[in-house]
Amino acid sequence: MKVPEELSYTKEHEWIRAADNEATIGITDFAQSQLGDIIFLELPEIGDKVVAGESFGEIEAVKTVSELYSPVNGVVTSVNENLEDSPDNINLDSYGTGWILKVKFEDSLESYDLLDNKAYQSLIG
Amino acid sequence: MNDQMKKTELFDYHNSNSKNIISFSGYALPVFYKSILDEHHAVRKSAGLFDVSHMGQIIVSGASAEKFIQTVTTNDVSKIMSGQAQYSTICNNDGCIIDDIIVYKLHNGFMLVVNASGIEKKYNWLKSKLFDGVSIENKSSDFSMIALQGPKSKRIIQSIINNEITKLKFYSFIENIGCLGHDILLSRTGYTGELGFEIYCKHDAVKTIWNYILENFGKDGVLAAGLGARDTLRLEMGYLLYGNDINIDIHPFKAGLGWITSLEKGDFIGRKEIILKRDDEESNLVYFEMLEKSIPRPGFDIIVNDKVVGFVTSGTISPSLNKGIGIAYVDKLHSNKGTELSVKIRNKLKSAIVVKAPFYSNGTLSD
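Given the structure is predicted, the values throughout are model-derived calculations rather than measurements.

S.K.: Outline the side chain of Asn80(A), supporting the account with residue identities and numerical values.
M.R.: All names here are of chain A. Tracing the sequence through the fold places asparagine 80 in the loop between β8 (74-79) and α2 (82-85). Exposure remark for asparagine 80: the relative accessible area of 5% places this residue in the buried category. In this structure the side chain of asparagine 80 is engaged in a polar contact, spanning 3.1 Å, whose partner is the backbone nitrogen of asparagine 82. There is a polar contact of 3.0 Å between the side chain of asparagine 80 and the backbone oxygen of threonine 97. Beyond its immediate stretch of four places on either side in the chain, asparagine 80 contacts Thr97, Gly98, Trp99 and Ile100.

S.K.: I'd love a proper account of the pairing of strand β11 (residues 182-187) of chain B, names of residues and values included.
M.R.: Both faces of the sheet carry side chains from a regular strand, because those side chains alternate between them. All names here are of chain B. In terms of strand pairing, strand β10 (residues 173-179) meets β11 through 5 bridges, oriented antiparallel. From the neighbouring strand, glycine 178 faces β11, where its bridge partner is aspartate 183. Where β11 and strand β12 (residues 196-202) come together, 4 bridges link them in antiparallel fashion. Its bridge partner being in β12, serine 187 is matched across the sheet by glutamate 198.

S.K.: Give a detailed account of the interface of chain A and chain B, specifying residues and quantitative values.
M.R.: Contact residues are listed per partner, giving 17 residues for chain A and 19 residues for chain B. The contact between chain A and chain B buries some 1500 Å² in all, and 52% of this surface belongs to carbon and sulfur atoms. Three residues stand out in chain A for area buried against chain B, namely Asp37(A), Val62(A) and Lys63(A), and they jointly supply 36% of the buried area on that side. Across the chain A-chain B interface, the total number found is 5 salt bridges. The salt bridge partner of Lys348(B) is Glu42(A), with a shortest N-O separation of 2.8 Å.

S.K.: Quick rundown of the pairing of strand β3 (residues 48-51) of chain B? Include the residues and the values.
M.R.: Residue and element names in this part refer to chain B. Here β3 shows two buried faces, one formed by Gly48 and Phe50 and the other by Leu49 and Asp51. Pairing of β3 with strand β9 (residues 143-149), which is carried by 4 bridges, proceeds in the antiparallel orientation. Bridge pairing in β9 links phenylalanine 50 to alanine 147.

S.K.: Outline the domain arrangement of chain B, listing residues and values.
M.R.: How big an interface is tends to be expressed through the accessible area that disappears when the partners come together. All names here are of chain B. Here chain B is described as being made up of domain 1 (11-52 + 143-236), domain 2 (56-138) and domain 3 (282-361). Using only C-alpha atoms to locate each centre, domain 1 and domain 3 end up separated by 31 Å. Counting residues at the interface gives 9 residues for domain 1 and 13 residues for domain 3. Both faces combined, the contact of domain 1 with domain 3 buries some 860 Å², and carbon together with sulfur accounts for 63% of it. The interface formed by domain 1 and domain 3 includes 0 salt bridges. At the boundary of domain 1 and domain 3, one finds 7 residue pairs in polar contact (both at pLDDT 80 or more). When contributions to the side of domain 1 that touches domain 3 are tallied by element, the ones reaching two or more residues are α2 (36-45) and α7 (227-237). Broken down by class, the residue content of the side of domain 1 that touches domain 3 amounts to 2 nonpolar, 3 polar and 4 charged.

S.K.: Talk me through the sheet that holds strand β6 (residues 55-61) of chain A; I want residue IDs and the actual numbers.
M.R.: All names here are of chain A. Spatial ordering of the open sheet is given by β4-β6-β7, a layout of 3 strands whose pairing is antiparallel. The open sheet has two edge strands with one neighbour each: β4 (38-42) and β7 (65-69). For this sheet, the mean inter-axis angle between neighbouring strands, taken without regard to orientation, is 25 degrees. As paired strands, β4 and β6 are joined by 4 bridges and run antiparallel to one another. Bridge pairing in β6 places phenylalanine 40 opposite glutamate 60.

Parameters at a glance
- For every chain, the first residue of the written sequence is number 1, and numbering continues from 1 onward in sequence order.
- Chains and ligands are labelled by the order in which they are written, letters from A for the one and numbers from 1 for the other.
- In view of the model being predicted, local features appear only for residues whose pLDDT reaches at least 70, and side-chain atom pairs are presented and counted only at 80 or more, with totals across whole chains, interfaces and linings using the full set of residues.
- Hydrogens are left out, water is left out, and the side-chain values use all remaining heavy atoms of the structure.
- The numbering of helices and of strands both runs from the N terminus, where a helix is a DSSP run of H or I of at least 4 residues and a strand a run of E of at least 2.
- The buried label goes to any residue with under 20% of its type's maximum accessible area, the exposed label to any with over 50%, and the partly exposed label to all in between, with areas taken from a 1.4 Å probe on protein chains only.
- Pairing of N or O atoms within 3.5 Å defines a polar contact, subject to two protein rules: one partner must be a possible hydrogen donor and the other a possible acceptor, and residues neighboring in sequence count only if both atoms are side-chain atoms.
- Throughout, a residue-residue contact means that at least one pair of heavy atoms, one from each residue, lies within 4.5 Å.
- At least two bridges found by DSSP between two strands is the condition for calling them paired.
- By buried area we mean the combined loss of accessible area, with a 1.4 Å probe, across both parts when two parts are placed together.
- Salt bridges are defined as contacts in which a side-chain nitrogen from Lys or Arg sits within 4 Å of a carboxyl oxygen from Asp or Glu.
- An automatic or database domain assignment supplies the residue ranges for each domain.
- Classification convention: Asp, Glu, Lys, Arg as charged; Ala, Val, Leu, Ile, Met, Phe, Trp, Tyr, Cys, Pro as nonpolar; all other residues, Gly among them, as polar.
- Only the contacting stretch of a helix is used when fitting its axis, a line to C-alpha atoms as for every element, and angles between N-to-C directions run 0 to 180 degrees.

Following this line, the structure appears as structure tokens:
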């Protein structure tokens, strides 16, 4: 199971990659492997607010539906539109073409309750 | 995965090939190996191999065995001959469904194939209804059971057994035939809507047959398939799942199972109550498909004019049709084909329409 070193993680299996005050958010390789084939996402729109620890959308696999939780407080700046036609990008490349949202976030990343790669790795065992 | 789960003979295969093993009626079985969608499409286009060893087998024998089956099941078993099988239900004195089953008329007695949950309880219930000239035996732990389902299944099965099966019809079976050096019962039955077979065998045979099929026919697109694909395939056909769509509070007519409930065959357990309830029922089982891109799930409310008129019992994306499909109980007023409904999906109303089953009608069932 891939857990890239440079990313931060939530206990709910999202990853976040920050550059200045914009961050890209997705779900982890572990999460996609547990969900199985992803077929549908319900996502916010550009300009919508997201709140750390709160749901910003839903991800549907064939058998299950799961909430998506924001790692940070911020405003949505971009939504991965390719996922509408090809949600399987999350299964194929959850840290790359399977990214879900970009947000302009408040405060520093360190101020949020996030896990580093080692802590996340031990969470998933 | 926890230690209390019962393991089938094929557990090692599941455990090394799937990261998604769950407890299904107490058995450790895979939701999928690599992908539900791939496994689903393999069954529709080639063939898929399922471990269904969790199913239970109860043998009924004796001079009055047929009379006993007539008493404890709803369908008319006198209509089948030796070598044929029949879909039926067992109902209690209230006319409600204890289980949906398949009755096999063996050359010497009957085999009832029951769902995995509460086998012991169902067996004890049946035992309490015994009369002179009948004996029953719970053989569930003696058998392994696998299903090969899909258009290529007949050619594959033909190549591994000694008997000729070109004339074997849907819901027919052959006892005691040789398969890769083992003795099996081969049945042309299944839960997918495709041409398919189920193999009942001893535990020491199942790994050989399972591995042989996957190793030799993987090149033809045959895949091992898990519970997830089993569910999407059966739902596309509108087949019911005990525990979801039917249960101990529901009588056969309410669930659309009047066709396996023979009120003419004479008395049977539950008959009187079934007749009373049939004409006095406020809601019915319906099949519906989504008109919007959205997926119904069990427990979601069905809404008409801001009023809750029913609830979903099974729902999924249909991988073959690429839309949401489901089964629900809905007030009779709104259960006719063509009726528009809404499904409340996480606080949003999504439109749906009542349709007839099956959702998917291009299966190879009768090839």
